[in-house]
Amino acid sequence: MNLIDWLAEPLQFDFMRRALLVSAVAGLVCAVLSCWVTLIGWSLLGDAIAHAVLPGVVLSYIFGLPFAVGAFLFGGLAVTLIGVVRDTTRIRGDAAIGVVFTGLFALGLVLVSKTPSQIDLNHILFGNVLGVSDSDIAQVLGIGALTLAVVFYKRRDLTLYAFDPVHAHAIGLRPKRLGALLLMLLALTVVVALQAVGIILVSAMLITPGVTAYLLTDRFERMLAIAIAVSVSSCVLGTYLSFHVDSSTGGTIVLCQAIVFALVYLFAPRRGLLANKRKRRTATSVR
């Protein structure tokens, strides 16, 4: 099979065209948010929100509501509970995150176990991008567009908040409100990515593109562009590969992103492992 046939064959199927659209949109939105997540140091928080939405998704399924409703509500609940536990006890933030997200995730698993005939656990945890409906696509496109629009409108304030919240406060911005806005956008992004890769792998989509780009540049605008390129291309390639090798689509997408990160980690011209070793050898020889 030549390359043209390899690319064209999946496009003959409607479910593959839908999967490519949804995965690309999810990759785009996750890549944009991953840059702020990386700079602020919210990787663990992103992982927490991704897992904590499980009971919301299950309850939405039980009551016949869109997954987005329950996921967004429980994402907000998780953030609130983390803040309350952190601010009212001696527990540090990372411990509060661990307690809350594991508790809510466990609640979701219990809810799933109580309705085994009605809920497909694999689809909730690992995504079902090959089976998205018209309403799922509309939901992904709508929430994705809303998230990107808010990010674009507030990008300067959010970037200043990420780099220097003290300066942001000094010029009249409110860091707490910006942080709350970013958390809301993070919850929306989790909702978008659920259809593509499921709850367990959403955290990878929210972290890997940003950290990969961070190893390649010091400029935020370039970081955004690199993260988007890495994420969207990995989503498209992963969806194609999953079709041809009959593998999990979400898992293959995340694996592609992990491979790109590994290559950058090893061979990045300034911050890669090999470049750092060369710098150390040069410094040693100069001494």
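No experiment lies behind these values; they were computed from the predicted model shown. (Residues numbered from 1 in each chain as written. Predicted model: local features only at pLDDT ≥ 70, side-chain atom pairs only at ≥ 80, totals over all residues. Heavy atoms only, no water.)

Caption draft 1: Summary view of the overall build of the protein chain. Assigned secondary structure in the protein chain consists of 14 helices and zero strands. When the elements of the protein chain are put in sequence order from the N terminus, they spell out α-α-α-α-α-α-α-α-α-α-α-α-α-α. Taken over C-alpha atoms, the radius of gyration comes to 20 Å for the protein chain, in line with the 19 Å a tight globule of 287 residues would show. Out of the 287 residues belonging to the protein chain, those deemed buried represent 46%. Across the protein chain, contacts joining residues at least 24 apart in sequence account for 74% of those joining residues at least 6 apart. About 14,400 Å² of surface is accessible on the protein chain, with carbon and sulfur atoms providing 66% of the total. If the 22 positive side-chain charges of the protein chain are averaged to one point and the 14 negative ones to another, these points end up 16 Å apart. (Helix = DSSP H or I, 4+ residues; strand = E, 2+ residues; numbered from the N terminus. Rg over C-alpha atoms; globule rule 2.2 N^0.38 Å. Buried < 20%, exposed > 50% of the residue type's maximum accessible area, 1.4 Å probe, protein only. Contact = heavy atoms within 4.5 Å. Areas by Shrake-Rupley, 256 points an atom, 1.4 Å probe, with all protein chains shown as cover. Lys, Arg positive; Asp, Glu negative; His and termini not counted. Charge placed at Lys NZ, Arg CZ, Asp CG, Glu CD.)

Caption draft 2: How the structure looks around the packing of aromatic side chains. As enumerated under the stated definition, the model contains six aromatic pairs in all. Relative to Phe243, the ring of Phe13 has its centre 5.7 Å away and its plane inclined at 45°; by these criteria the two rings are tilted. With Phe13 in the loop between helix 1 (3-8) and helix 2 (14-40) and Phe243 in helix 12 (residues 220-245), the pair connects residues that are 230 residues apart, well separated along the chain. Owing to a relative accessible area of 22%, Phe243 belongs among the partly exposed residues under this scheme. Geometrically, the ring pair formed by Phe261 and Tyr265 is stacked, given 6.2 Å between the ring centres and 20° between the ring planes. (Phe/Tyr/Trp six-rings, centres within 6.5 Å; stacked < 30°, edge-to-face > 60°.)

Caption draft 3: Quick peek at a positive patch on the surface. On the surface, Lys277, Arg278, Lys279, Arg280 and Arg281 cluster together to form a positively charged patch. Mapped onto the secondary structure, Lys277 falls in helix 14 (residues 273-286). With relative accessibility at 38%, the residue Lys277 sits in the partly exposed group. (Patch = residues over 30% accessible without salt bridge, like charges linked within 9 Å, V, L, I, M, F, W, Y side chains within 5 Å. Salt bridge = Lys/Arg side-chain N within 4 Å of Asp/Glu carboxyl O.)

Caption draft 4: Representation of the confidence of the model for the protein chain within the structure. Overall, the predicted model of the protein chain reaches an average pLDDT of 86, with 96% of residues at or above 70. Confidence, expressed as mean pLDDT per element, reaches its minimum in the protein chain at helix 7 (residues 121-126) with 68 and its maximum at helix 12 with 94. (pLDDT = per-residue confidence, 0-100.)

Caption draft 5: The arrangement of the pattern of salt bridges in detail. Going through the model one piece at a time under the given rule, you end up with seven salt bridges. Across the pair Arg18 and Asp14 runs a salt bridge whose closest N-O atoms are separated by 2.7 Å. In this pair, Arg18 and Asp14 are both assigned in helix 2, four residues apart and thus about one turn of the helix distant. Taking the relative accessible area as the measure of exposure, Asp14 reaches 40% and is therefore partly exposed. Residue Lys154 pairs with Asp157 through a salt bridge whose shortest N-O separation is 3.1 Å. A residue is classified by how much of its surface remains accessible, and Lys154, at 22% relative accessible area, is partly exposed. Since its relative accessible area comes to 22%, Asp157 is described here as partly exposed. Within the structure, one salt-bridge network assembled from shared partners comprises Asp14, Arg17, Arg18 and Asp134.

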